Each structure stands twice: as structure tokens, then as C-alpha cells.
Amino acid sequence: MSEKNSAVSGHHDALFGVSISVPESWWEFDVRSEGREGAIRSVVNERIRHVPELAPYRAEISAMLRRMAKDAHDSGALYLGCMAENFDGVPLSATVTVSVLGAQNKQGIALSTDPRAIAGSLRTITPSREGDAWRKVTTVDVPEVGTAARTYGVEDVPVAQGDSRTLRMVLTQTYIPVPGTTDQVVLVSGASPVLDLAEAFHDIFDAVTGTFRFV
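Residues numbered from 1 in each chain as written. Predicted model: local features only at pLDDT ≥ 70, side-chain atom pairs only at ≥ 80, totals over all residues. Heavy atoms only, no water.

J.: When you look at the packing of aromatic side chains in this model, what are you seeing that I'm missing?
T.: When we look at a pair of aromatic rings, we describe it by the centre distance and by the angle of the planes. Inspection of the entire model under this criterion finds 3 aromatic pairs. Seen from their ring centres, F201 and F205 are 5.8 Å apart, and the 25° between their planes marks the pair as stacked. Taken together, the positions of F201 and F205, both in helix α4 (residues 198-209) and 4 residues apart, correspond to about one turn of that helix. The same class applies to F201 as to F205, namely buried. Seen from their ring centres, F212 and F214 are 5.1 Å apart, and the 85° between their planes marks the pair as edge-to-face. With relative accessibility at 21%, the residue F214 sits in the partly exposed group. R47 extends its terminal NZ or CZ atom over the ring of W27, reaching a point 4.1 Å from the ring centre. (Phe/Tyr/Trp six-rings, centres within 6.5 Å; stacked < 30°, edge-to-face > 60°. Helix = DSSP H or I, 4+ residues; strand = E, 2+ residues; numbered from the N terminus. Buried < 20%, exposed > 50% of the residue type's maximum accessible area, 1.4 Å probe, protein only. Lys NZ or Arg CZ within 6 Å of the ring centre and 35° of its normal.)

So this is what it looks like as C-alpha cells:
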């Protein structure tokens with residue numbers, strides 16, 4: 001796995017860093033709009049130099065990475081690691097994003113950052129029949145971090161913020177309290193549209209989240 005460090009701002013001008021590792025075959029680059037195009041071009045060129053057989057898929061991979069980066073930026077993500085590969089003409093993709101959330105509801109009322117309290121506030125989704133969306137809620141132990149709340153399942157998520165259309169995704173979301181604060185939570189979110197590999201992607205997202213730590 002490779003490692004990415006990102007400094008992120010907290011309340012009261014506090015700074016903290018985060019570190020997370022993704023498989024070496026994944027892509028990591030700046031999601032900010034002003035640096036996005038150059039960063040994507042650079043990582044695609046570098047990967048093709050090392051793996052020339054990817055050259056015929058340059059345009060498709062670049063387009064996929066642009067879409068992933070835009071979606072991550074628009075959602076407020078601070079970090080993006082993504083898988084974008086083409087197996088016999090079939091695209092496989094997945095993303096892991098890191099975001100910082102304020103621990104308050106839509107009315108601005110402060111919420112607990114205790115993982116068990118967070119888990120208790122999250123809703124499970126029970127499918128009525130095979131093929132329906134589903135979500136389970138639990139707590140997990142993240143090495144070097146401690147207990148965190150988690151949801152995992154196959155869910156219908158908005159295509160874009162404010163858009164009523166949805167896309168069914170494999171989704172694992174882990175809510176990690178920020179040490180020394182009572183009003184911030186880091187969200188590590190793993191998502192993939194490849195539903196047939198849901199179990200495998202849940203395992204991958206769990207492994208990647210397990211590398212997360214504050215620095």
C-alpha cells in the first residue's frame with residue numbers, strides 16, 4: 001500500500017493531519033479544481049510509463065478519474081484514493097474519501113461524537129426482497145484510533161448534491177471522532193458501483209480504513 005498525508009483544518013484554527021493507505025495500484029491526486037486536471041494528467045502519464053498496456057485506455061481512465069475527483073470535491077472531501085481499471089473492456093471503479101464533518105444536526109444542535117451514540121443515531125435498512133438496498137450499523141475498532149461507528153451495505157445515493165436521481169453503490173462509511181474536540185468527526189467513506197463484488201469491496205474498504213490514523 002502507498003501512504004497519503006493531508007493536513008486539514010479544525011475549528012478554532014486548530015490543525016491536525018491524517019494518514020491513510022490505499023493499494024499501490026490505486027490513484028491518489030489533488031481533488032481541488034485548480035490543480036485537478038494537471039494532477040490527473042501527471043498520474044495517468046506516470047502509470048502508463050510503468051504499465052504500457054494501459055495506453056489504449058488513457059481517455060477512459062482519465063475521464064473516470066475526472067468524474068471521481070469532481071464528485072469527491074463537490075462532496076467536501078479532503079482526500080481521494082481511487083481505483084479505476086479496465087478488465088477486458090469492463091470498467092471497475094471504487095473510491096475512498098476522507099472528509100471532516102461537524103457534529104450537529106440540520107437545526108445546528110450539537111450531537112455526541114461518541115461512536116456508540118453515533119451508531120445509535122444511524123438507521124439500518126432491511127431489504128424487502130433480494131436485490132433491494134440494505135444497510136447494517138455497527139461499531140469497529142480502528143488500530144491506532146480506537147472505536148468508531150460504521151455503516152456498510154448497498155445503498156441508493158444521490159447522483160449529485162440536490163439531485164433527486166440516485167445510483168446504487170456498495171458503501172462503507174466509518175465515523176471517527178477527532179481527538180481533543182467534541183464537535184468534529186472524520187468520515188472515511190468507501191464506495192463502488194460494482195455491486196457483484198460488494199463483499200470484496202467491503203473487505204477492501206475495511207482494510208483501507210484500518211490504516212487511518214491522526215498525525
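J.: Explain the side chain of E155 here, please?
T.: Its location among the elements puts E155 in strand β7 (residues 146-158). Within the local environment of E155, its side chain forms a polar contact with the side chain of R135, the two groups lying 2.8 Å apart. Once residues within four sequence positions are removed from consideration, E155 is found in contact with I125, A133, W134, R135, L167, R168, M169 and L171. (Polar contact = N/O pair within 3.5 Å; in protein donor to acceptor, adjacent residues only side chain to side chain. Contact = heavy atoms within 4.5 Å.)

J.: Could you clarify how one ought to interpret the confidence of the model for the chain in this entry?
T.: On average, residues of the chain score 85 in pLDDT, and 88% of them are at 70 or above. By mean pLDDT, the top-scoring element of the chain is strand β6 (residues 134-142) (97), and the lowest-scoring one is strand β1 (residues 2-9) (42). Overall, residues 2-14 carries pLDDT values under 50, and its contacts beyond four positions in sequence, including any with other chains, amount to 38 contacts. (pLDDT = per-residue confidence, 0-100.)

J.: Even after reading the chapter, I still don't get helix α1 (residues 33-50), so can you show me in this structure?
T.: A rise of 1.5 Å per residue sets the reference length of α1, with its 18 residues, at 26 Å; its end C-alpha atoms lie 27 Å apart and thus fit the reference within 8%. Every buried residue of α1 is listed here: R36, A39, I40, V43, V44, R47 and I48. (Expected span 1.5 Å × (residues − 1).)

J.: Even after reading the chapter, I still don't get the environment of V18, so can you show me in this structure?
T.: The topology assignment puts V18 in strand β2 (residues 15-22). Distance from V18 to V186, taken between C-alpha atoms, is 9.5 Å for residues 168 residues apart in sequence.

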